[in-house]
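Below, each chain spelled out in residue letters.
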There are 2 protein chains.
Amino acid sequence: MTLKLFELCGTDPERVFSPYCWRIRMALAHKGLEAESIPWRFTEKDAIRKHNSERVPVLLDGDQAVADSWVIANYLEDKFPDRPSLFGGAGGRAMARMLNSWGDLLGASMAPFIIKDIHGQLGPVDQAYFRESREARFKKKLEDVVADRDARIENWHKTLEPLRVTLTAQPFIGGDRPNYGDYIVFGPFQWARATSPFRFLNEDDPVYAWREKMLDAFGGIARKSPGYAV
Amino acid sequence: MTLKLFELCGTDPERVFSPYCWRIRMALAHKGLEAESIPWRFTEKDAIRKHNSERVPVLLDGDQAVADSWVIANYLEDKFPDRPSLFGGAGGRAMARMLNSWGDLLGASMAPFIIKDIHGQLGPVDQAYFRESREARFKKKLEDVVADRDARIENWHKTLEPLRVTLTAQPFIGGDRPNYGDYIVFGPFQWARATSPFRFLNEDDPVYAWREKMLDAFGGIARKSPGYAV
């Protein structure tokens, strides 16, 4: 068995930063699985298109290609049932689907703070692609998207309230130990940490303490990966 | 075994409307349990204070009193493990804690649309209490809180996006069948339906179709309960 994972990066192949790829990095570690990382950049569409995907992560398990972080997490859970469960049962798997939606929207809410910094991680060809596609999406120059971020961050903190309340009641979304619910939500934070010096969290926020624990999980794979100590 | 449930109502004891009480009504039905309803009104503090609670729902199981919807759901899951599971395993129970936080905030986001209508369901003594306490919370007259609700509803629809995405992927938050995750989120909708003619959902919204199914669940206990056909 050899697993390989296409992971988004910029000029530095070690600095993988996609929130969706990080969900799977953490899920693989949770299952005690090793996967060879295949660095992938925004404009390398052909490399994954042959595996029927336009986006990363794409997991290769021998001849089989599995795309989309949610699908990959389910694939790993089903393929490796004897290893620690990502979902903790059928109810957890179903309810994690809604956390996945919430986590995706969390990421979307963080983009307007870091989009220019992501651009800064990329080589020239990717930069051109990224600027054009993202400025079309935001209908603004990247510089203008992030311009007032310091003024916006306090209001953004409200976005975290469901997570904050949860983490005052229990150590992890998964209860006493992290599960895929934690990796879903951690993904966007690690995306930000890998690409931007912008500070999202205050140290007195329960979410900060939780993120610290996530950074230390599995031998600190997330903390050791290139990023900003924010 | 006799279960009794203190449930919030106004002038009509049949029109129970607390979102938290509805979570437990649905959870009891899910478990196939009957509970005698004890109608309770905002100003009847003494009736539940002797059971060590300031709020409903309060479940009485013989001599034991259990307060707080989340605690009651966990109590029912543990006390009746052979009946259909509310959480579908340990992972589901842990992750439902975050859905519970999300659902509470959903309810809070709906209050400024219906707060005046809730007032209209109450008798004079409760009305006085409700107006004073809620106007202190909102720092506005109830009439002013709801005044621009028609203009606000379109923006409020964005609140539902994590739910909407989930329900386009699967029939219920709990997967193929509803579980406590669904009851958590349904509670605020039933609260609104029981108290207000205000229309929160468009018929083409996947959330509308889901709410219809929840209204029909368990022999239609939610639909048959007094409310507005919105």
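To start, this report covers the structure provided alongside it.

Now for the relation of the copies chain B and chain A. Mapping chain B onto chain A calls for a rotation angle of 180° and an axial translation of 0.0 Å; the resulting RMSD is 0.0 Å. Those values place the two copies in the arrangement expected of a two-fold rotation axis. The position closest to the rotation axis in chain B is occupied by the C-alpha of Gly92 of chain B, lying 1.7 Å away.

Before going further, it helps to examine the pattern of salt bridges. This structure, assessed with the given rule, holds 34 salt bridges over all chains. Note that Arg152 of chain A and Asp148 of chain A form a salt bridge whose closest N and O atoms lie 2.8 Å from each other. Residue classification places Arg152 of chain A among the partly exposed residues on the basis of a relative accessible area of 22%. A salt bridge links Glu7 of chain B to Arg25 of chain B; the shortest N-O distance between them is 2.7 Å. With Glu7 of chain B in strand β1 (residues 3–8) and Arg25 of chain B in helix α1 (residues 19–30), this pair connects stretches of sequence that are 18 residues apart.

A few words now on the environment of Met98 of chain A. Residues and elements named next belong to chain A. Structurally, Met98 can be placed in helix α4 (residues 90–120). On the accessibility criterion, Met98 (2% relative accessible area) is buried. For the pair formed by Met98 and Gly181, sequence separation is 83 residues and the distance between their alpha carbons is 9.5 Å.

Facing the 27 residues of chain B at the interface are 27 residues of chain A. Carbon and sulfur atoms make up 75% of the area that chain B and chain A hide from each other, which totals about 2,200 Å². Together, Met95, Arg97 and Met98 of chain B form the three largest contributors to the area buried by chain B at its contact with chain A, with a combined 33%. Applying the counting rule to chain B against chain A returns 0 salt bridges. Our enumeration of links across chain B and chain A arrives at 6 residue pairs in polar contact (both at pLDDT 80 or more). Only α4 (90–120) and α8 (161–169) of chain B provide two or more residues apiece to the side of chain B that touches chain A. Top contributing element to the side of chain B that touches chain A by residue count: α4 of chain B, with 12 residues.

Moving on, we get to unusual backbone geometry. Cis peptide bonds are those with omega within 30 degrees of zero, and the linkage from Val56 of chain A to Pro57 of chain A qualifies with 5°. Inspection of the secondary structure puts Pro57 of chain A in the loop between α2 (45–49) and β3 (58–61). Phi is positive for Asp68 of chain A, close to 85°, though the residue is something other than glycine. Within the element layout of this structure, Asp68 of chain A appears in the loop between β4 (64–67) and α3 (69–79). The backbone of Lys139 of chain B shows a phi angle near 55°, a positive value even though the residue is not glycine. Considering the arrangement of structural elements, one finds Lys139 of chain B in the loop between α5 (124–138) and α6 (142–146). Relative accessible area serves as the criterion here: at 73%, Lys139 of chain B is assigned to the exposed category.

Before going further, it helps to examine the nonpolar core. Ranked by internal contacts, the top residues of the largest apolar core, which has 145 residues, are Leu163, Phe189 and Trp210 of chain A together with Leu163, Phe189 and Trp210 of chain B. The contacts of Phe189 of chain A, once residues within four sequence positions are left out, are Leu106, Met110, Trp156, Leu160, Leu163, Leu201, Val207, Trp210 and Arg211 of chain A.

Residue and element names in this part refer to chain A. As summarised here, the arrangement of the 4 strands in space is β2-β1-β3-β4, forming an open sheet in which the pairing is mixed. Pairing within the sheet leaves two strands with one partner each, and these edge strands are β2 (36–40) and β4. Going across the sheet, the axis of each strand differs from the next one's by a mean of 20°, ignoring polarity. Note: strand β1 (residues 3–8) against β3, 4 bridges, orientation antiparallel. When the bridges of β3 are listed, Leu3 appears paired with Asp61. The strands touched by helix α1 (residues 19–30) within the sheet are β1 and β2, with β1 carrying the most contacts at an inclination of about 150°.

All names here are of chain B. Packing of α4 against helix α9 (residues 180–195) leaves a shortest axis separation of 9 Å and a crossing angle of 5°. One element, α4, and the other, α9, form an angle in the roughly parallel class. When α4 is examined against α9, the residues Ala96, Leu99, Asn100, Trp102, Gly103, Leu106, Gly107, Met110, Ala111, Ile114, Asp117 and Ile118 are found in contact with a partner set consisting of Tyr180, Gly181, Ile184, Val185, Pro188, Phe189, Trp191, Ala192 and Thr195. Its residues assigned to classes, the contact of α4 with α9 shows 15 nonpolar, 5 polar and 1 charged.

What counts and what doesn't
Residues numbered from 1 in each chain as written. Chains lettered and ligands numbered in written order. Predicted model: local features only at pLDDT ≥ 70, side-chain atom pairs only at ≥ 80, totals over all residues. Heavy atoms only, no water. Least-squares fit on C-alpha atoms with pLDDT ≥ 70 in both. Salt bridge = Lys/Arg side-chain N within 4 Å of Asp/Glu carboxyl O. Buried < 20%, exposed > 50% of the residue type's maximum accessible area, 1.4 Å probe, protein only. Helix = DSSP H or I, 4+ residues; strand = E, 2+ residues; numbered from the N terminus. Contact = heavy atoms within 4.5 Å. Buried area = accessible area lost by both parts, 1.4 Å probe. Polar contact = N/O pair within 3.5 Å; in protein donor to acceptor, adjacent residues only side chain to side chain. Core = buried A, V, L, I, M, F, W, Y, C linked by side-chain atoms within 4.5 Å. Pairing = 2+ DSSP bridges. Axes fitted to C-alpha atoms, helices over the stretch in contact; angles between N-to-C directions. Parallel < 35°, antiparallel > 145°, perpendicular 65-115°, else oblique. Nonpolar A, V, L, I, M, F, W, Y, C, P; charged D, E, K, R; others polar.

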